[in-house]
Amino acid sequence: MYCHYSAAVSSEPGIPSLQTCLGCHQVIGGSTPSHQAEIKKVRDAWRERKAPEWIRIHALPGFVRFPHMRHIKALGTQACVTCHGDVQKMTQVSQVSTLRMGWCVRCHIKNNVTRDCSVCHY
Amino acid sequence: MSNSVDRRRFLKVLGTAGAGAAAVSACGIGPEPTERLIPYLIQPEDQIPGTATYYATTCRECAAGCGLRVRVREGRAVKLEGNPDSPINRGRLCARGQAGLQGLYNPDRVAHPLVRNARGTFEAIDWDGAIQRLAAKVRESQGKGIVFLTGAEQSSFGDVVDEWMRQVGGRHQSYEAFGFEALRAGNRMAFGTGTLPRYDFANAKYILSFGADFLDTWLSPVEFQNGFSRAHAFDAGRPASMSKFVYVGPRLSLTGMNADEWIAARPGSEGMLALAMAQVILTQHLARLPTPPDASRLSSLLAGYSPRAVATATGIEESVIVRLAREFASSAGGLAVAGGMATQGPNGAQNVAAVNILNYTAGSVGTLVKFGADLALGSTNAFGDLTALMAEMTAGKVALLFVHGTNPAHSLPGAFQQALGKVAYKVSFASYLDETASACDLILPDHHPLEQWGDSRPRAGVTALQQPVVQPVFDTRPTGDVILKLSGKTGTFQDYLQAKWRTRHAANFDQYWMESLEQGGIYAEPPARPVRLAADVSKISPAPPATAPEQNQDVIVFPHANLHDGRGANKPWLQELPDAVSKIAWHSWVEVHPDTAAKWGLATGDFLVLESQFGGEKFPAWITRSVRPDVLAVPTGQGHTAYGRYAKDRSANAFALLGAQANAYGGRNFLVAAQAKKTGEHRKIVTTEGGPRELGLGTTEVLPLAKAKALHPGDHPFHYEETPEYAKDAVEWWGERQHEKAELGNYKGEQPRWGLAIDLAKCTGCSACVTACYAENNVATVGEELMQRGREMAWLRLERYWRTDESGNPQGAVNQPMLCQQCGSAPCEPVCPVYAAYHTPDGLNGQVYNRCVGTRYCSNNCPYKVRTFNWYNYAERDGQFEAFPEPLSMLLNPDVTVREKGVMEKCTFCVQRIRGAQNQARLENRNVRDGDIVTACQQTCPSEAIVFGDLNDRNSRVFELAGNPRGYHVLAGLNTKPAVTYLARVVSHG
Amino acid sequence: MAEPQAQSRLTYDYVTRTIARTLGTPTRGYFVLLGSAVALLGVGIITLLYLIRYGLGLAGYSHPVYWAVFITCFVFWVGIAHSGTLISAILFLFRSGWRTAVYRTAEAMTVFAVMTAGLFPLIHIGRQWYFYWLIPYPNERGLWPNFKSPLIWDEFAIGTYFTVSTVFLIMGLIPDIAAVRDLATGWRKKLYAITSIGWTGANEQWRHYTRGYLYLAALATPLVLSVHSVVSWDFAMAIVPGWHATLFAPYFVAGAIYSGVGMVITLLVPIRKLFGLEEIITVHHFENLAKLCLLTGSIVSFSYLTENFVAWFSGNPAERAAFWYRAFGPYWWASWTMNICNGLLPWLLWSKKVRTNITALFVISIFVNIGMWFERYVIIVVSLAGEPYTTWTNAVYNPTWADWGIMAGSFGWFFMWFLLFVKNFPAVSISEVKEVLAPPRSKVSKARA
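Residues numbered from 1 in each chain as written. Chains lettered and ligands numbered in written order. Predicted model: local features only at pLDDT ≥ 70, side-chain atom pairs only at ≥ 80, totals over all residues. Heavy atoms only, no water.

1. Section: the overall build of chain A
Short version of the rule: Segments assigned H or I by DSSP are reported as helices when at least four residues long, segments assigned E as strands when at least two residues long, and all are numbered from the N terminus. Remark: exposure states derive from per-residue accessible area (1.4 Å probe, protein chains only) relative to the maximum for the residue type, with buried under 20%, exposed over 50%, and partly exposed in between. Computed with a 1.4 Å probe, the accessible areas rest on the Shrake-Rupley method; for each residue, only the protein chains presented here act as cover. Asp and Glu are treated as the negative residues and Lys and Arg as the positive ones, with His and the ends of the chain left uncounted. The atoms used to mark charge sites are NZ of Lys, CZ of Arg, CG of Asp and CD of Glu.
Scanning chain A from N- to C-terminus turns up six helices and one strand. Each helix and strand of chain A, ordered N terminal to C terminal, gives the series α-α-β-α-α-α-α. Within the span of chain A, comprising 122 residues, buried residues form 36% of the whole. On chain A, roughly 7300 Å² of surface is accessible, and the fraction owed to carbon and sulfur atoms is 61%. Within chain A, the 7 negative side-chain charges are centred at a point lying 6 Å from the centre of the 15 positive side-chain charges.

2. Brief notes about the state of the cysteines
Using the following cut-off: When two cysteine sulfur atoms lie within 2.5 Å, the pair is treated as a disulfide.
Counted according to the given criterion, the structure contains zero disulfides over all chains. Cysteine Cys-107 of chain A shares no disulfide, and the gap to the nearest cysteine sulfur, in Cys-83 of chain A, comes to 6.7 Å. The thiol of Cys-832 of chain B is not disulfide-bonded; the next cysteine sulfur, from Cys-858 of chain B, is found 6.5 Å away. With a relative accessible area of 8%, Cys-832 of chain B lands in the buried category.

3. A short note on the environment of Lys-977 of chain B
Residues and elements named next belong to chain B. The following threshold applies: Note on contacts: a residue pair is in contact if any heavy atoms of the two residues lie within 4.5 Å.
The residue Lys-977 is located in the loop between strand E36 (967-968) and strand E37 (980-983) in this model. Its relative accessible area of 32% is what places Lys-977 among the partly exposed residues. Along the primary structure Lys-977 and Ala-64 are separated by 913 residues, whereas in three dimensions their C-alpha atoms are 42 Å apart. Contact partners of Lys-977, with chain neighbours within four places excluded, come to Val-731, Arg-753, Gln-822, Cys-823, Gly-824 and Ser-825.

4. Quick word on the side chain of Ser-859 of chain B
Inspection of the secondary structure assignment puts Ser-859 of chain B in helix H27 (residues 857-860). Judged by its relative accessible area of 0%, Ser-859 of chain B falls in the buried class.

5. Examining the sheet that holds strand E35 (residues 946-950) of chain B
Strand-to-strand pairing in sheets goes through backbone hydrogen bonds, with the strands running parallel or antiparallel. All names here are of chain B. How we decide: Here, strands pair whenever DSSP counts at least two bridges between them.
Reading across from one edge, E35-E28-E37-E36 is the order of the four strands in this open sheet, with mixed pairing throughout. On the outer flanks of this sheet lie E35 and E36, each paired with one strand and no other. In terms of strand pairing, strand E28 (residues 754-759) meets E35 through five bridges, oriented antiparallel. Opposite Gly-755, over in E35, you have Gly-949 as the bridge partner.

6. Topic: helix H2 (residues 33-47) of chain A
Residue and element names in this part refer to chain A. As a reminder, the rule being used: Helix span is expected to be 1.5 Å times the residue number reduced by one.
For H2, spanning 15 residues, the distance from its first C-alpha to its last is 20 Å, which sits close to the expected 21 Å at 1.5 Å a residue. Among the residues of H2, Ile-39, Val-42, Asp-44, Ala-45 and Trp-46 are the ones counted as buried. Downstream of H2 by a residue or two, Arg-49 has a phi angle that is positive, lying close to 55°.

7. Comments concerning the sheet that holds strand E13 (residues 334-338) of chain B
All names here are of chain B. Our working definition: Think of each axis as a best-fit line through the C-alpha atoms, taken over the contacting stretch in the case of a helix, with angles from 0 to 180 degrees between the N-to-C directions.
Strand order across the open sheet formed by four strands is E12-E11-E10-E13, with parallel pairing between neighbours. The open sheet terminates on both sides in strands that have one partner only, identified here as strand E12 (261-263) and E13. Neighbour to neighbour, the strand axes of the sheet diverge by 15° on average, direction disregarded. Summarising the sheet, strand E11 (residues 244-248) and E12 pair through three bridges and their orientation is parallel.

As structure tokens, this is what we get:
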């Protein structure tokens, strides 16, 4: 929530600005060499005032709306993990769920919430 | 240019981080390919991705100075809406205002400074270079023959120009193609003041317009339309009644067709009519008698204007004149306004004066006609000043000419161009390569108003602020900055502006400034200034001009309601928006009365070439009874020889028929005598009007005032409204089943049923809602060729049905916005083989674009024919029919899918806004409140005719209106159970 | 029945040889025909590729005419498909012997016509690449087609019809293939050996065969009525004035058979000439076909009258307006083409002279086809263009090259299959023609020999 600052209030989670990254990684240097290397990248980027290019892992299919805030409100603290997996424990983030319609629908059925098409498609 | 491109990609990526993907990627089948996401370096404050930010600023599409609220998403301006705080437009906006966005992201904007090279063509130049050249030129001319020509500029920018011109010994003058010289001159004649008053339509009991098109092009249309609808609508709110509106003029304009009665007086004779009415009022003591000096002056003036005397000259029967006078006076609140044709002939000023006299005798001056709040337009230079300037130019007296925000080369084709040729050095600050700019030597493109600071004073008491709402799209600079730099002043125009405002309110300025920014300016009611009748009123003599000699025709050139003087022609939204009266789009036309057409053997679409003594042009004929038989009428706006891909070489320029000489009162004559000849050519006119058949299926309902007053709650005056006995059970049963279905996939709590109520008594047919819909829902513009084949994509169309008298002559029109009715038992739903069209739990006829395979069965089965089909991929980059060429694509609404080819689309009551409001409500642990959701059409409607809400909510406004006895459903006989309730038009017969 | 006039040469042996001769090495004329058919098909394919790349806008569609030539052709071809099953199945059940000479052609025509018709629903949709969404199949999204939609009914009706009529055709072919197998040589012998699935003509086989054939005939019979009824509901279920009529099912079925028989005649006349089958397909056969034409044609013209009467009698302004528009609106020429070709032309067939004049029949049959095509055009295009509910939509519909391209392609596709068929399989049923001949009496045949 610190990084993806708008996830709880907006449909978009928001991409953390480099400034935000530095907020922590100014002080946190990382324990293992690999970590340090990665964090160094960020710091260098900040020094050169050149935003790094993140590679997108979680991409929804076209034509679908996913209001993050609604899901976070409904699922509470576990919200992120349910779809994105336990990112905190991932050394490299990978996609854990298909993000396909069937997957969405199954969850909506499980939680007995709307299955109206026009909630996600408009 | 290049940097703007990067920026665009960067924004696109931001957009792509979710919903935007669908909007940006044209045919996004399946997931997007792996993209790279570029974050901000530093988080911009006041911006949350995925949620819109609104900025208050001012609309500069015309001089009315309406307040704007600009919807900004991820740094892109995606929608313009009216600013509710502004006393001028009260949160409403017209079609032209809506289209301002397409000015900002216009693909034909001048992307960087241009200079004319040796070969006579333009080449790019950097800003410093350009400014240096300019400074040099200014020095060379040594204060001789420097002129700065702007549009109507009652603003700090105007002041900057003034100051600079004073500094360099030049002169600043302004020009509007449709000036209001006659109004000023006329007011001077009658009251000795050259200012323009405010007209209080809202409180008028009887409105009499002598050609003044106050709903479309006259002074401040949105403000007047809002006021007009308050006075003229039949509203259950106040004691049910309405003010009668009578229109006097040779043709029915948008304003004219909203009249209860049309008096087709001879063009130019309006003044005599007005005086005759005044005479009746005076002699029959219908109003409070004026005090002695006035009384004598008036009687001496009016002596010669008895109804009988003017009957022949005006072509109006004596009895009618007397009746009008009686009605006008007895209403105790009659407002007469003069404009349009009445004020654009040789005797325009006289006519205005005459109308002033009428208001004065009826006692409306001071109550409904309020002097003191002089409108900005009052201070623009007269046409005479421009002709004077042209004389100087031709005489070679002008060495250095600056042009900003005006395009005389289009409104004076030929004449001004020649004059321009004689000017040593011409500099333009235009944002687009219009006719004037492309004749200049140096172009320093200005920011678009939405990109820069500024203010404007549309009328005394109101100062509207203008702030940049987006980063500049191109490598342009605010002309204010450039001038300040040239005049050696430090700081930007923004500093200048703030400094100026500081003088107005020094104490804790920052807070004052912030507040002003938030509400879009400072608004105050100026004290009304009383006026007395001028001493020499008896000199007023509105003798109409002699009619055109035989073999010649009186031709009227009138401003196009959407394109106005042509400035709208480069915006596809305005080009594709059918004219409110003729329903013709993408080209101009000439209005011909059927009798005249019969005489000449003319059919709609046949070309007529009009030859006046000043020039000739050919226009396709539109045959209509809404124009006098002895008059031809041609709209301006088209026929550009430059001005970008959407405007260039399209149809003909009506200005070519007009002379370049100022008349007695320094105005321009828009009424010319011309020869009309058939060319033998023919074209299929691009119109959305269908067949003339009205089958009495209850499409439009009209009630006479008396009948409407007599209605009681619960009445069903209209045919087809009651379900026939035999059908009742079936209908009930169907309703039940529908409801059961709706229970599936329910939201929490009671299901809403979204509905709309449209009051035809308020709707003027101005079509602002149509453009708003285009803007909100990414509706593609298809262009002239496809529109001619009936393939326009409009989700919302305005159907215009004439109200005719016994003899079949139109007395006005009923305008009906037709959009998806969101039927309760919709014919479109059961026939869709893939559930792309289906019934949502909240009662919408959902349309799932990415499920649609395009069998088009739904449209065949839709009796309202409100579904449109993507015949081509209108979003395809560089496709033949691309609707959003970069950077136009930046105004696409990221909350709405851009539809692919082969997909059916339609209105869904702005479902994205509904979902947005529902999401917000959930976040705040509440249910959606009435008024949370405002559809785009409702938001912009200047006459507040559209109300959206939940029909299941007993306390909602829409529920109340749906129960109104005037309410009816279109084609109710088909048992489609529409969610849209129309409230019948009410017509006052005096 | 063919036997009373004791034909001299018309023996089992003769029949086998004559019909087998039709499979002989093709003439140049044949290749010209086949070539042009394939060429037409090529045109169609190219047009389709254009439609897929640029969108349906290339066709003449314009608001509110959202269905036009493509659907017209669809209904036209489905209609053609009908007489086949009628002649082969129903007449078989009625034991009318004259069918034997013509039913094979009719049946083949049926199969290929359905194959053609089946393509159009896929061609005419906006996103052809998603056609499979119309087919019910279990998917990860848990989405199914809307079984309420007549288009889905269509899908099933056409599908069933195609399967059954194909099986029926193949089944009927077995004994004949066996017959020609015994005469054929080279690769064809192998082909027929396989396709005749070991037919020896043993008593046992014949018994099973005739039973099976009977059952299939019984199975196919209801389809003749059902398929086009369902197709007609595509329109009858909608609320468009001019579509929304309970009359439609019988009206369409009759029309379908009418057009089908017309097409059968159109095809038989040249075949008969080309392959010299004059003595097997006699004037007598054509006369019977003509009678069928006359019957169905009369039903059709009666339907026209009923339609217009009901429109007037109902007093419904929309209905009235729609039919007025049909007759006297901008598309009057289409309506009157249809009325003349389908309403008046059949009446010529009352005269035996015409019925027994092959040339006359051929000409008439051509007009029948044209008339029936226009019937669908009028029902679809004109009803939509003149839809009177809202007067505020433009209807300027003119077909473009794309429409014609696809239509040409469909004819190419149809004739390609048909020509290939007549060259490779007996176009007239050998075994069944024999059934209606006098069995060979050794003496007589000797005497002749």
